[in-house]
Amino acid sequence: MSGPSQGSASQRLFRELSQLSAAEEFFEYLAVPYDKHVVNVNRLHILKRFRQYLAIALDDASADGEDLHALCASLLERAHGDFVRSNARIEKVFRVFQDQTAEVAVKTIGRTPAVRPKGE
């Protein structure tokens, strides 16, 4: 059931989220517990992953009936958990980490000296 009050509540939630800047503000606003060290090291990665999870959830038709605030809190908790168990290099949230493997391979190949058969 989506009435005007639900639409305005979701608009208000997204407006309030858009006013937040520090990662800690997102955790506090959504009342999600967090490890300060993990957030200090991975703040941008966590927020980017949260945004990715949120975009997928909002595109998913089954997310329509859920309480949006609770959904956001669970997705932020999930994003934080990704970096508790892993790290930015493995998670590859940002393009620089996604492209890094290919770039290293190209540079390594470029540095390998050409081997010529004997007698040439």
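Residues numbered from 1 in each chain as written. Predicted model: local features only at pLDDT ≥ 70, side-chain atom pairs only at ≥ 80, totals over all residues. Heavy atoms only, no water.

Novice: Explain the overall build of the protein to me, please; I cannot follow it from the model alone.
Specialist: The secondary structure content of the protein amounts to six helices and zero strands. Helices and strands appear in the protein in the N-to-C order α-α-α-α-α-α. Here the protein holds 120 residues, and 29% of them are scored as buried. Within the protein, contacts between residues at least 6 apart in sequence are counted, and of these 58% link residues at least 24 apart. Accessible surface, the protein: about 8600 Å² in total, of which carbon and sulfur atoms supply 55%. (Helix = DSSP H or I, 4+ residues; strand = E, 2+ residues; numbered from the N terminus. Buried < 20%, exposed > 50% of the residue type's maximum accessible area, 1.4 Å probe, protein only. Contact = heavy atoms within 4.5 Å. Areas by Shrake-Rupley, 256 points an atom, 1.4 Å probe, with all protein chains shown as cover.)

Novice: For this particular structure, what's the right way to read the layout of surface pockets?
Specialist: Unfilled space is identified by rolling a water-sized probe across the atoms. When its volume is computed, the second largest pocket comes out at roughly 190 Å³. Forming the walls of the second largest pocket are F14, L17, S18, F26, L47, K48, F50, R51 and L54. When contributions to the lining of the second largest pocket are tallied by element, the ones reaching two or more residues are α1 (4-18) and α3 (36-59). When grouped by side-chain class, the residues that make up the lining of the second largest pocket number six nonpolar, one polar and two charged. (1 Å grid on protein atoms, 1.4 Å probe; cavity = no way out; pocket = protein on both sides within 12 Å on 5 of 7 lines; lining within 4 Å. Points joined across faces, edges and corners; volume = space filled by probe spheres on them. Nonpolar A, V, L, I, M, F, W, Y, C, P; charged D, E, K, R; others polar.)

Novice: What is the right way to look at the packing of aromatic side chains in this model?
Specialist: The way to describe two aromatic rings as a pair is by their centre distance and the angle between their planes. Applying the stated criterion across every chain yields a total of two aromatic pairs. Both rings, one in F26 and one in F50, keep their centres 6.4 Å apart while their planes meet at 65°; by these two values the pair is edge-to-face. Of this pair, F26 sits in helix α2 (residues 23-29) while F50 sits in helix α3, and the two are 24 residues apart along the sequence. With relative accessibility at 10%, the residue F26 sits in the buried group. Between F27 and Y34, the ring centres sit 4.7 Å apart and the planes meet at 35°, which makes this aromatic pair tilted. Residue class for F27 comes out buried when judged on its relative accessible area of 1%. For R78, the ring lying beneath its charged end belongs to Y53, and the centroid distance is 3.8 Å. (Phe/Tyr/Trp six-rings, centres within 6.5 Å; stacked < 30°, edge-to-face > 60°. Lys NZ or Arg CZ within 6 Å of the ring centre and 35° of its normal.)

Novice: I would appreciate a short explanation of the nonpolar core in the present structure.
Specialist: Where a protein is soluble and globular, its nonpolar side chains tend to be buried together. Ranked by internal contacts, the top residues of the largest apolar core, which has 24 residues, are L30, I46, F50, C72, L75 and L76. Elements supplying a minimum of two residues to this core: α1, α2, α3 and α4 (68-85). If sequence neighbours within four positions are ignored, C72 has contacts with L13, L17, L30, F50 and L54. (Core = buried A, V, L, I, M, F, W, Y, C linked by side-chain atoms within 4.5 Å.)

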